[in-house]
Amino acid sequence: MNILQELQARFRAALVGLSDASDADLDLIRPAQDPKFGDYQANLAMPLGKRLGRPPRDVAAEILGRLDAADLCHPPEVAGPGFINLRLKDDYFIPHLQAAVGDQRLGVAPVEKPRTFVIDYSAPNVAKPMHVGHIRSTVIGDALCRTLRFLGHRVISDNHIGDWGTQFGMILYGYKHFLDAAAYKNNPVAELARLYRLVSLVMEYYGILDNLPVLEKEIQKQQKILEKLKLEDQNNKKIIEKIKEQDDKVKELRSTWVFDNATRIWLENGSTTPDISKLIPEHKEIRSDVLAETAKLHAGDPENRKLWQEFLPACEDEINRIYGRLGIRFDHTLGESFYEDRLAGVVEELVNKGIARESDGALCIFFPGEKVPMLIRKQDGAFLYATTDLATIRYRMEQFHPDAILYVVDHRQSMHFKHLFEAARLWGYGDVELQHVSFGTVLGEDNRPFKTRSGDTVGLESLLDEAVLRAGEIVSANDDAKPDGPELPPERRREIAEIVGIGALKYADLSQNRTSDYVFSYDKMLAMNGNTATYMQYAYARVRSIFAKGNVDAAELRRSGAEIVLPTPAERALALEILRFPEALDRAAADYRPHQLTAYLFDLANRYSTFFENCPVLRAETDALRRSRLLLCDLTARTIGKGLELLGIKVVEKM
RNA sequence: GCGCCCGUAGCUCAAGGGAUAGAGCAACGGAUUUCUAAUCCGUUGGUUGCAGGUUCGAAUCCUGCCGGGCGUGCCA
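Owing to the predicted nature of the structure, the values given are computational and were not obtained by experimental measurement. (Residues numbered from 1 in each chain as written. Chains lettered and ligands numbered in written order. Predicted model: local features only at pLDDT ≥ 70, side-chain atom pairs only at ≥ 80, totals over all residues. Heavy atoms only, no water.)

## A look at the packing of helix 20 (residues 533-549) against helix 25 (residues 623-646)
For clarity, the threshold we go by: Between N-to-C directions, angles cover 0 to 180 degrees, with each direction set by a line fitted to C-alpha atoms, over the stretch in contact for helices. Numbered from the N terminus, helices here are DSSP runs of H or I no shorter than four residues, and strands are runs of E no shorter than two. The crossing is said to be left-handed when, going from far helix to near helix, the turn is anticlockwise and less than a right angle, and right-handed when the turn is clockwise. Contacts were defined at the residue level, with two residues in contact if any of their heavy atoms lie within 4.5 Å. Residues are grouped as follows: Ala, Val, Leu, Ile, Met, Phe, Trp, Tyr, Cys and Pro are nonpolar; Asp, Glu, Lys and Arg are charged; every other residue, Gly included, is polar.
Between helix 20 and helix 25, the least distance of the axes is 9 Å, while the angle of their chain directions is 145 degrees. For the pair helix 20 and helix 25, the sense of crossing is left-handed. The segment helix 20 lies against helix 25, with Met536, Gln537, Ala539, Tyr540, Val543, Arg544, Ile546 and Phe547 engaging Leu630, Cys633, Asp634, Ala637, Ile640, Gly641 and Leu644. By residue class, the composition of the contact of helix 20 with helix 25 is 11 nonpolar, two polar and two charged.

What follows is the structure, given as structure tokens:
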């Protein structure tokens, strides 16, 4: 039961015949901003009055004259310039609450018109360990899958893994030159990760070696420009500004040089772990050789192909282990390699249709009014990720016939997706909704991209371990402080810590508007106050604890036919909040923003806390009131549990 | 240079063109023989970067400026 939808339906009927009214006006029916305005408010009389050329209050009065909602709410009031304030009758919504008691879906009706979604998220490069950068895509994508699926849509999740790129060339090179056979036999994943790191360090060394002279030249050039500027009119404000800008530019170049040079020395004198200083001289051509290994793989070289087939399962096992820990699964894992044999055909067709054309030796798709094209084939004949993405769209359209394809990818790729979607439309895929569900960067508490102290990106697994470790400390401290003494054995504490730690990590990400960067903080995500998973899990556990303490069987209670009554404001507020669950899910799904759901859960948990403070449950004055309150507790817990489940977060019975 | 995004309380963030811009943290003051205080209640704190404009109504839409991030032809 969606109260908002019901109100909108009633208003729609009341607006019939009122010229110029449309469904868009119904969007202006909302939950009240302030309790003193009632439960819901309709703000549609103002724009309507404007369009009809009549005083809004008159329009509001006319609408109310036609409105048939006496069963839903008390007589509405017109306030201010024409706000219509609506106060629901308890008799109206209590039966819906009562219905939710016996409903697996908590009164959330499936959508009338299910759509088919393909959701593309996580997409790590499987040749290297997952890191902090993968968490947002993975967590947000998973939450969207779960939420849309629960709402009744058909959802196909597809992990478009990187299993065909240069990273595999690096591992191939490493395997052929640096392999520790015993280590590989013992733990292939760890050895491949070691090889990857080794090769990338040596490559970085030669990259820097090449880059330093270029930097020096550029510094000289920019320095000259700076000197010239200094000779100009020093009273001109614009010149002074330019000098400052130019000075910053030079400084930045110099600091890059200093940093790169320090890295060079660091790599040369053997202070790295592992020490690569002895390897450097023996692998002067590593960068082109790695590319050659990649090219050989793509060309079908039997040895490289065989090795790739050997590596891939190990790499996939590794990421699957982490997905297992995160509770994430995919319907499909169709990586880049899956599309390899389709790319040439895609390019040929785009050229034949006149969508792509040659430019500087590459094949490009140009867009009206845009300077930069999208490249679909390089000068050397190799394909690019744009090519794969186009082939992927075709495959998904043919295989799944989706109404929408969502790409949960960070915002830095917005131009790529703009181009990709435009190209897809030119190619004939104009009907499908193509959405870049973008998100910001994960920052450290210094407001810079989250890195370790030595500057490496943080591995995803160590992130999980740290969150779980800290959660464990909190769980133990709390259990030790319980009034009747600790009740959790060590292994149970560990299980709870895993759920609390990983839940905190996910929730911290999901509760933020995905479009902005977000600042990563263990302390904040594990805080017990505020909008955190821990607070929500705690609210859930407290409810369960009441049932345990009162020796109440929740399932039996639900079947008992006990009635809900709402004698106090705290109970009424909690009851209404429970019924708003469907509205929150709709909002979260509408713009693919899970933080709408977390915000709702936080509101719900807050109302519950107020209720919990004010309304004794087990010690309620009468047995009827006790049973009513137990039902409210149960509904709250189930709603929190379901909401968290849709976010991919688990709950515990005790914590 | 061009393009995209962002700028809200000391900090981290909310706010569907709607009434007095809200939370958490921090600070301060209260509540506990706990139905789990990992809590609750309250106080303080704002020129929503600046200047215009559109509108009955702007944090939100438009224009310009200031500040920041990201991207910008053969990586993904």
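## Focus: the sheet that holds strand 11 (residues 433-439)
What counts, and what does not: The criterion for strand pairing is that DSSP finds at least two bridges linking the strands in question.
Strand order across the open sheet formed by four strands is 6-5-10-11, with parallel pairing between neighbours. Lying at the two open borders of the sheet, with one neighbouring strand each, are strand 6 (154-158) and strand 11. Going from strand to strand, the sheet's axes swing by 20 degrees on average, the running direction of each strand aside. The sheet contact formed by strand 5 (residues 116-120) and strand 10 (residues 404-410) spans four bridges and is parallel. Each residue of the ladder has a partner; that of Asp120, found in strand 10, is Tyr407. Contacts from helix 6 (residues 135-150) reach strand 5, strand 6, strand 10 and strand 11 within the one sheet, and its direction differs from that of strand 6 by about 160 degrees.

## Observations concerning empty space enclosed by the protein
Defined as follows: We place a 1 Å grid over just the protein atoms. Points where a 1.4 Å probe fits but has no way out form a cavity, open points with protein on both sides within 12 Å along at least 5 of 7 lines form a pocket, and any residue with an atom within 4 Å of a point lines it. Grid points are joined across faces, edges and corners, and a volume is the space filled by probe spheres set on the points. Where a domain begins and ends is set by an automatic assignment or by a domain database.
According to the stated counting rule, one finds one cavity of 30 Å³ or more in the structure shown. Reported here for the largest cavity is a volume of approximately 40 Å³. The set of elements that each furnish at least two residues to the lining of the largest cavity consists of helix 6 and helix 23 (581-590). In terms of residues, the lining of the largest cavity owes the most to one element, helix 6, which gives three residues. In this structure, the lining of the largest cavity is formed jointly by two domains, domain 2 (125-161 + 314-443) and domain 4 (460-646), each of which donates at least three residues.

## Topic: helix 15 (residues 385-400)
Heads up, the rule is: In this analysis, the expected span of each helix is defined as 1.5 Å times one less than the number of residues it contains. Burial classification: accessible surface area is computed with a 1.4 Å probe over protein chains only, and a residue below 20% of its type maximum counts as buried, one above 50% as exposed, and the rest as partly exposed.
In a regular helix each residue adds 1.5 Å, so 16 residues correspond to 22 Å; helix 15 covers 21 Å between its end C-alpha atoms and thus fits that length. Most of helix 15 sits inside the fold, with 12 of its 16 residues counted as buried. All of the buried residues in helix 15 are Ala386, Thr387, Thr388, Asp389, Leu390, Ala391, Thr392, Ile393, Tyr395, Arg396, Met397 and Phe400. One or two residues past the end of helix 15 sits His401, with phi positive at roughly 50 degrees.

## Here we look at the domain arrangement of chain A
Selection rule: Reported buried area values correspond to the accessible surface (1.4 Å probe) lost by two parts on association, with both partners' losses combined. By definition here, a salt bridge exists when the distance from a side-chain nitrogen of Lys or Arg to a carboxyl oxygen of Asp or Glu is within 4 Å. Pairs of N or O atoms within 3.5 Å make up the polar contacts considered here, provided that, within protein, one atom can donate a hydrogen while the other can accept it, and that residues adjacent in sequence are counted only when both atoms are side-chain atoms.
Partitioning chain A into structural domains gives domain 1 (3-88), domain 2 (125-161 + 314-443), domain 3 (166-308) and domain 4 (460-646). Distance between the C-alpha centres of domain 2 and domain 3: 27 Å. Both sides together, the interface formed by domain 2 and domain 3 hides about 810 Å², and carbon and sulfur atoms give 74% of it. Area buried by domain 2 at its contact with domain 3 is led by Ala127, Lys128 and Ala314, which between them contribute 46% of it. Our count for the contact surface shared by domain 2 and domain 3 stands at zero salt bridges. At the surface where domain 2 touches domain 3, the tally comes to one residue pair in polar contact (both at pLDDT 80 or more). No other element matches helix 12 (residues 302-326), which puts three residues into the side of domain 2 that touches domain 3. Split into classes, the residues belonging to the side of domain 2 that touches domain 3 amount to five nonpolar, two polar and three charged.

## Structural notes on the environment of Gly169
Looking at where Gly169 falls in the secondary structure, it is placed in helix 7 (residues 166-178). Overall, Gly169 belongs to the buried group, its relative accessible area being 0%. Distance in space between the C-alpha atoms of Gly169 and Met525 is 38 Å, their sequence separation being 356 residues. Ignoring sequence-local partners within four residues, the contact set of Gly169 consists of Val290, Glu293 and Thr294.

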